Each structure stands twice: as C-alpha cells, then as structure tokens.
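Report on the structure
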There are 2 protein chains.
Amino acid sequence: MMDTGGKENADTDASRCLNGSFSQPHSEQEVVEEEEEAAMSSLEDCFRHLAQEARELYLSPEVPRLSHPPTPLEFYRDYVTPNRPVIIENAFNDFPALAKWSIPYFRERLQHKILTVAVTPNGYADAVCGDHFVLPEEREMTFSSFLDIMEGNSEQKGVYYVQKQNSNLTLDLKELVEDIREDIPWASEAFGHKPDAVNFWMGGREAVTSMHKDHYENLYCVIQGAKKFILHPPTDRPFIPYGSYSQAAYKEVDGEFQIVPDPEGHTVPWIAIDPLNPDLNRYPKYGEVDQIRCTVHPGEMLYLPSLWFHHVSQEDQTVAVNYWYDMEYDIKYNYFSALEKMVNCKSTIGKR
Amino acid sequence: MMDTGGKENADTDASRCLNGSFSQPHSEQEVVEEEEEAAMSSLEDCFRHLAQEARELYLSPEVPRLSHPPTPLEFYRDYVTPNRPVIIENAFNDFPALAKWSIPYFRERLQHKILTVAVTPNGYADAVCGDHFVLPEEREMTFSSFLDIMEGNSEQKGVYYVQKQNSNLTLDLKELVEDIREDIPWASEAFGHKPDAVNFWMGGREAVTSMHKDHYENLYCVIQGAKKFILHPPTDRPFIPYGSYSQAAYKEVDGEFQIVPDPEGHTVPWIAIDPLNPDLNRYPKYGEVDQIRCTVHPGEMLYLPSLWFHHVSQEDQTVAVNYWYDMEYDIKYNYFSALEKMVNCKSTIGKR
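So, a few notes on the structure that sits alongside this text. All of these numbers come straight from a predicted model, not from anything done at the bench.

Reading guide: rules and limits
Residues numbered from 1 in each chain as written. Chains lettered and ligands numbered in written order. Predicted model: local features only at pLDDT ≥ 70, side-chain atom pairs only at ≥ 80, totals over all residues. Heavy atoms only, no water. Core = buried A, V, L, I, M, F, W, Y, C linked by side-chain atoms within 4.5 Å. Buried < 20%, exposed > 50% of the residue type's maximum accessible area, 1.4 Å probe, protein only. Contact = heavy atoms within 4.5 Å. Salt bridge = Lys/Arg side-chain N within 4 Å of Asp/Glu carboxyl O. Helix = DSSP H or I, 4+ residues; strand = E, 2+ residues; numbered from the N terminus. Polar contact = N/O pair within 3.5 Å; in protein donor to acceptor, adjacent residues only side chain to side chain. Phe/Tyr/Trp six-rings, centres within 6.5 Å; stacked < 30°, edge-to-face > 60°. Pairing = 2+ DSSP bridges. Axes fitted to C-alpha atoms, helices over the stretch in contact; angles between N-to-C directions. Parallel < 35°, antiparallel > 145°, perpendicular 65-115°, else oblique. Left-handed = near helix turned anticlockwise from the far one by under 90°. Nonpolar A, V, L, I, M, F, W, Y, C, P; charged D, E, K, R; others polar.

Some points on the nonpolar core
- In terms of nonpolar packing, the biggest core is built from 104 residues, with A:L302 and B:L302 touching the most fellow members.
- Sequence-distant contacts of B:L302, defined by excluding residues within four places in its chain, comprise B:V63, B:V86, B:I87, B:N218, B:L219, B:Y220, B:F229, B:C294 and B:V296.
- Core analysis: the next-biggest nonpolar cluster, separate from the first, contains 101 residues, A:I88, A:Y160, A:Y323 and B:I88 among them.

So, the pattern of salt bridges
Residue and element names in this part refer to chain A.
- What the rule picks out here adds up to 44 salt bridges over all chains.
- E256 is the partner of K157 in a salt bridge, and the nearest nitrogen-oxygen pair spans 3.2 Å. Taken together, the positions of K157 in the loop between α7 (143–150) and β8 (159–162) and E256 in strand β13 (residues 256–261) put the pair 99 residues apart, joining distant regions of the chain.
- Overall, the relative accessible area of 41% leaves K157 in the partly exposed class.
- Among the charged side chains, a salt-bridge network with shared partners connects E44, D45, R48, K285 and E288.

Regarding the side chain of B:S167
Residues and elements named next belong to chain B.
- Its place among the elements puts S167 in the loop between β8 (159–162) and α8 (168–171).
- One polar contact links the side chain of S167 to the main-chain amide nitrogen of V198, over a distance of 2.9 Å.
- In contact with S167, other than residues within four places in its own chain, are D172, D196, A197, V198 and N199.

Structural notes on the packing of aromatic side chains
Residue and element names in this part refer to chain A.
- On inspection of all chains with the given rule, the structure shows 41 aromatic pairs over all chains.
- Here W201 and Y220 contribute two aromatic rings whose centre-to-centre distance is 5.7 Å and whose plane-to-plane angle is 40°, an arrangement assigned as tilted. Of this pair, W201 sits in strand β9 (residues 197–203) while Y220 sits in strand β11 (residues 216–232), and the two are 19 residues apart along the sequence. Each member of the pair, W201 as well as Y220, carries the same accessibility label: buried.
- Relative to W324, the ring of Y216 has its centre 4.5 Å away and its plane inclined at 5°; by these criteria the two rings are stacked. One end of the pair, Y216, is in strand β11; the other, W324, is in strand β17 (residues 309–326), with 108 residues separating them in the sequence.
- Note on W324: relative accessible area 6%, which makes it buried.
- Three or more aromatic residues joined by ring pairs form one cluster here, namely F75, Y76, W186, F191, Y303 and Y325.

Things to note about the pairing of strand β15 (residues 292–296) of chain B
Residues and elements named next belong to chain B.
- Of the two faces of β15, only the one carrying I292, C294 and V296 is buried; R293 and T295 on the other face are not.
- Where strand β11 (residues 216–232) lies against β15, five bridges are found, and the strand directions are antiparallel. Of the residues in β15, the one forming a bridge with K228 is T295.

Considerations on the packing of helix α6 (residues 103–110) of chain B against helix α7 (residues 143–150) of chain B
Residues and elements named next belong to chain B.
- Relative to each other, α6 and α7 sit at 160°, their axes nearing to 9 Å. In terms of their interaxial angle, α6 and α7 are classed as roughly antiparallel. Crossing of α6 over α7 shows left-handed handedness. Contact residues: I103, F106, R107 and L110 in α6; F143, S144, L147, D148 and M150 in α7.
- Here the contact of α6 with α7 is composed, by residue class, of six nonpolar, one polar and two charged.

Considerations on the side chain of B:S144
- Mapped onto the fold, B:S144 is located in helix α7.
- Once residues within four sequence positions are removed from consideration, B:S144 is found in contact with B:R107 and B:Q111.

Notes on the environment of A:E44
Residues and elements named next belong to chain A.
- In this fold, E44 is placed in helix α3 (residues 28–57).
- For the pair E44 and V343, spaced 299 residues apart in the sequence, the C-alpha separation amounts to 9.3 Å.
- Once residues lying within four places of it in the same chain are set aside, the contact partners of E44 are K285 and K346.

Shown next as structure tokens:
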C-alpha cells in the first residue's frame with residue numbers, strides 16, 4: 001500500500017482510470033512527450049499541407065514567362081493577387097539603357113560622381129558569418145574608381161557591389177534616369193501608385209545577396225549580365241530556419257578585413273541557411289521544400305512578389321534596375337504574420 | 001526511502017533533476033496539463049492575433065459603401081484581392097426589374113411557370129435543429145400558387161422561400177432574364193469570366209439562411225424589400241464553432257411537419273451557433289469576435305467575398321438576384337485551408 005500510494009498520487013485519482021481516460025499503461029513521462037509530440041507533429045502536418053498545396057494549386061516548379069507585358073488588370077489579377085512570380089519579356093524595350101549602358105558610357109558621363117559601394121572580403125553583404133550577421137563596409141568612391149575595380153585595373157582587395165537600396169537611382173544617379181523610366185506605367189496603374197524606390201545595382205559574379213524577404217512588390221529589370229534567383233514562397237516559412245545573430249560590420253584595416261561587432265550589441269534575426277549549400281544535417285526541414293530557381297537575362301523583368309524569400313547571385317558583370325512598389329497590408333500579409341507567430345510559438349514549445 | 005522510491009520511479013531518473021530539467025516541484029499530471037495547455041493557448045493567441053489584425057489592417061466595423069460602381073481594376077484591387085465586402089449603390093440602375101417586378105407582374109407573365117420552393121415549418125432551411133442538419137422540403141408549384149401564399153391568400157402552413165441555387169434565374173425563369181442582365185459587365189471583366197450561376201430569391205420576413213460560407217465570389221442585388229446580413233471574415237474561422245449533424249429533411253404529412261432522417265445516414269459538418277441568438281455559455285469563444293452587420297436595400301448590391309461566413313434574413317417580402325462568380329483557388333484559399341486544418345488539429349488535441 002505504501003509502495004503504490006506515492007505513485008497513485010503522482011498519477012491521477014482512480015475515477016479517471018475507471019472512466020477510461022487512461023486505458024494504455026503509459027508512464028506519465030511518456031504521456032508528456034507523446035502529447036507534446038502530437039501537438040507539434042499535427043501543426044507540422046498543417047505547415048506541410050500549406051506548402052504542398054501552394055505548389056499544387058497556383059505555383060509551378062519553374063517561374064512562368066510572359067512574352068509581353070500584361071494589362072494592369074491581368075498583372076494584378078494573375079500575379080499580384082495570387083502572389084505568383086513571373087518573368088516578363090519585352091517589358092522595357094523603350095529603355096535607352098539597354099543599348100547605352102556600358103563601362104565606357106558610365107566613365108564618360110559619371111566619372112566624378114560619388115557612389116556608395118558595399119565592400120566585403122567574399123561578396124557576402126548583409127549575411128550570416130559564424131555567430132554574426134555582418135554588414136558590408138560602406139565606402140564612398142568615384143564612379144571612375146569603382147569602374148577601375150570592375151575592370152580589374154585596381155589592386156583593391158575584396159568584392160565591390162553597388163547595392164544601396166535607398167532609391168539610389170533617382171536620388172544619387174539622377175543623370176541615369178533619362179535612360180530608363182521613373183516607373184513602369186502598367187505596374188503603377190495596377191498598384192494605383194508610383195514606386196517608392198528605384199534602385200541601381202552593379203557588381204561582378206562574386207557579389208551575392210543572402211536569402212531574405214522584402215515588404216515590397218518588386219520589379220527587377222536586368223540591363224546587362226544575368227541575375228540568378230533562388231526563391232521560396234511565403235508559405236515555405238515554416239521550413240526556412242532563422243537564427244539570432246550579433247550584428248557586426250566588415251572593416252578593412254591595413255589591407256585585411258576584420259569583423260567589427262556592433263558597439264551597441266544589437267542582435268538580428270536572419271535566415272540561418274545558405275540555399276546554395278544548405279546544411280541539411282543541422283536544418284533537415286529545409287530539405288522538405290523545393291527551391292524555385294530562375295535566371296533573368298538582359299531585357300527581362302522579374303516580378304518578385306512581396307514576402308517571397310529570395311537569394312540573388314549574378315553571372316559576369318551585371319547591371320540592373322529595380323522598382324519597389326509599396327505592398328498592401330491586407331489578408332495575405334495578415335495570414336503570413338499569423339503563420340510567423342505560429343512558427344515561433346511552435347519552436348518555443350519544442351524547446352521547453 | 002520506500003515512501004519516495006515509488007514516486008521517483010514514476011518521475012524520471014535523478015540525472016534529469018540534477019541537470020535542471022525539472023526545477024519546479026510539479027507532479028507529472030500537472031506537467032502534462034500545462035504542456036498541453038501552453039501548446040493550445042499559444043496557438044489560440046495566434047488565432048486571436050489573426051482575427052484582430054484583420055480588423056485593424058483592412059476591415060472596418062461597418063461594410064463600406066461606394067456611390068457608384070468601381071472600375072474592374074479598382075474592384076479587383078480594393079475589394080476582391082483583400083477579400084473585403086462592399087455595398088455598391090447605382091450598380092444596376094439599368095435593370096428594368098427595379099421598376100417592373102411586382103406580384104401582379106409575376107402573376108401576369110409567369111403564372112403557370114413551375115417553381116421549386118423550399119418549405120419549412122419555421123423559415124430555417126439548411127439549418128441545425130437539435131442533433132440534425134435539416135434540409136427543407138422541396139416542393140414544385142406554379143408561380144401563381146406561390147404568389148397566393150406570399151399574399152396570404154392561402155391556407156398553407158409553413159414558410160415558403162424560392163432559394164434554389166442552381167442558376168434558377170437563367171435556367172428555370174428565362175422569361176425574367178430580359179429584366180436584368182446575365183452578368184455584371186465590370187465584374188466579369190475584373191474576374192476574367194462570366195458568372196457561374198445567377199439565382200433568383202423570393203420570400204417573406206420569416207425566411208432565414210443559416211450561417212455558412214460559399215466557395216464563390218458573390219454579387220447580391222436587392223430588387224425589393226431588404227436583405228439583412230450578419231458577416232464574419234474567414235480569419236474568424238477559429239471562433240466559429242462547427243458540429244457534426246445527422247442529415248434530415250422536413251416533410252409535411254397530413255398538415256404536420258416531420259423531420260425525416262436521411263435514409264443513407266449521412267452526417268454533415270455545419271456551424272453550431274445561431275448568430276441571432278448565440279449560446280455563449282456553450283460556445284464562449286464566439287463572443288470574442290465582433291459580427292459585421294449590414295442591410296442591403298433595393299437598388300443596392302453587396303459584394304460578399306468568397307469564404308466569408310454569412311447569415312441572411314429579410315425585411316418584408318424580398319426579391320433579389322445574385323451572381324456567383326467562380327473564386328480563385330490561390331494563396332488566400334491556401335492559407336484558409338491550412339487554418340481550417342489547424343483549428344481541427346487543435347480541437348483534436350483538446351479532446352484527447
């Protein structure tokens with residue numbers, strides 16, 4: 001009687017056993033683990049259903065292509081509303097930039113212009129390195145010096161990339177605006193407003209943008225070279241691992257790059273995998289969702305929907321212009337924001 | 001030693017206590033309940049966040065009104081994409097029905113026409129009654145007999161409602177098509193296709209449509225009387241209780257209505273609450289979300305977005321026409337379908 005008394009107290013009262021609440025001879029510890037596991041695995045199943053059904057219902061393994069720009073209504077209905085990427089050909093044939101932009105042209109027109117350039121030892125700006133999230137060193141230099149580096153006529157170490165996303169084209173490089181357009185008319189009509197920013201990108205094959213998402217509708221126009229995208233829809237969020245990293249920045253000192261921790265000790269949540277070489281032993285769930293890959297060539301425009309995860313690399317020297325249109329904070333955002341909360345609550349449960 | 005021995009076995013081995021896994025003196029049963037409760041309450045919090053944020057970001061307590069029809073693009077961008085209802089005035093001023101439709105007109109033009117009429121003792125067709133989901137008795141009668149009942153010139157018992165949703169207007173009442181239009185042109189242009197069905201509704205103040213949702217984009221045009229809607233957005237799904245009911249149908253036998261169980265024993269999942277009189281003791285969660293109510297008057301059109309929950313009643317004798325356009329099975333459907341799975345998985349965990 002004394003032997004079992006303690007155990008009975010620790011379990012439940014007899015009435016619960018009699019009415020069949022616990023018909024299986026489980027230890028309580030097993031029950032804890034099974035309940036928790038069941039709760040988590042059923043939520044996992046829901047996440048899996050979400051990601052799979054997205055691919056079955058409205059996404060395709062390849063990014064679809066249009067040979068001509070859609071009407072504003074077609075664009076909104078067939079791509080923006082379902083949050084579906086598309087490559088659009090012949091969308092900016094009227095940009096003089098397609099024929100004019102070249103290193104000699106930039107040198108002639110903009111040689112003394114001051115550019116902000118992201119400098120890293122390895123091409124990875126705004127990316128995870130060990131326990132750090134490392135910003136590039138932002139260096140100001142003349143367009144002419146930057147072009148020297150692009151042409152290999154400079155002893156500079158590291159990778160140089162013009163990637164400032166503050167509408168640098170319309171603010172800092174006004175001289176180039178006449179070679180493009182300040183907006184994409186059919187897109188502005190579709191969205192009901194002009195773009196919030198127009199950015200100029202220029203860099204070599206080593207420059208990489210680590211995987212992330214933007215709160216913008218993005219129209220990405222390649223002028224020269226080629227941009228390679230690795231994409232995941234927002235519904236893949238539960239399979240994309242995030243970590244928490246100490247913010248830092250590269251700084252070249254006496255010809256050597258150092259990682260300088262943020263003096264205020266900020267931490268940054270960032271995606272923990274490199275989609276070019278994902279560590280599936282550490283993050284096995286990432287292996288459950290397929291990457292969607294595409295390459296965008298000169299004269300082609302990628303519509304990259306808001307909240308899509310994207311990793312960008314480039315072939316050869318690449319020049320591109322992108323238009324950021326404000327996204328709508330509507331039902332799609334609302335569902336995504338709840339999904340993020342669910343993923344976070346699930347990992348909290350999992351860690352207890 | 002013997003006193004505690006049993007309990008230690010039932011708990012865990014000492015090493016787990018030493019390394020701090022269990023620092024709180026909990027019984028295992030308490031731990032089971034707390035883990036399960038935490039998992040559920042955090043998912044509950046996510047559901048609450050979803051429903052609240054919808055109201056903060058893009059919904060309003062009142063259904064907004066437009067004084068004139070939007071352009072196809074405005075309609076798609078501002079209402080269909082965000083899944084937001086709107087009442088549109090002056091949207092079908094060109095329908096001769098607005099001036100012509102009346103009991104004498106119907107009697108003159110359609111007196112011998114055979115109608116399918118839903119007959120119930122209480123006005124509740126397709127609704128929960130006790131443990132049953134009860135279909136109406138579907139009765140065929142001449143339009144003339146139906147009009148006699150509407151006018152109170154008949155001894156018939158029960159509530160009669162023309163509510164057949166098989167495109168009864170274009171299929172069964174072709175004579176009336178010239179008084180309306182077979183589609184709403186700006187809506188057809190927006191959706192990129194014609195409606196899948198056009199339905200004719202006619203009934204008195206007792207006829208009620210119980211709360212449900214449709215897999216259609218719905219344009220509801222009131223010709224006479226008034227339709228009263230109680231609405232919930234799809235993001236309220238976790239707060240709307242469903243039950244499982246045995247299917248049955250009303251049948252009038254010797255002047256008395258009986259509930260006849262479905263001979264094949266089908267069960268139907270249906271919404272368990274009556275939003276006019278919700279049982280908040282039994283379903284307290286329904287009290288956490290606000291109803292959105294609106295009344296649609298003659299000459300007004302309600303755009304009721306796909307997957308919105310709606311309960312419909314009417315003032316006086318009401319005649320209406322609605323257009324069902326196929327919905328897109330895109331990201332909004334995809335998220336909703338995952339939400340339904342999560343709600344179901346949560347209630348499974350809760351019941352174990």
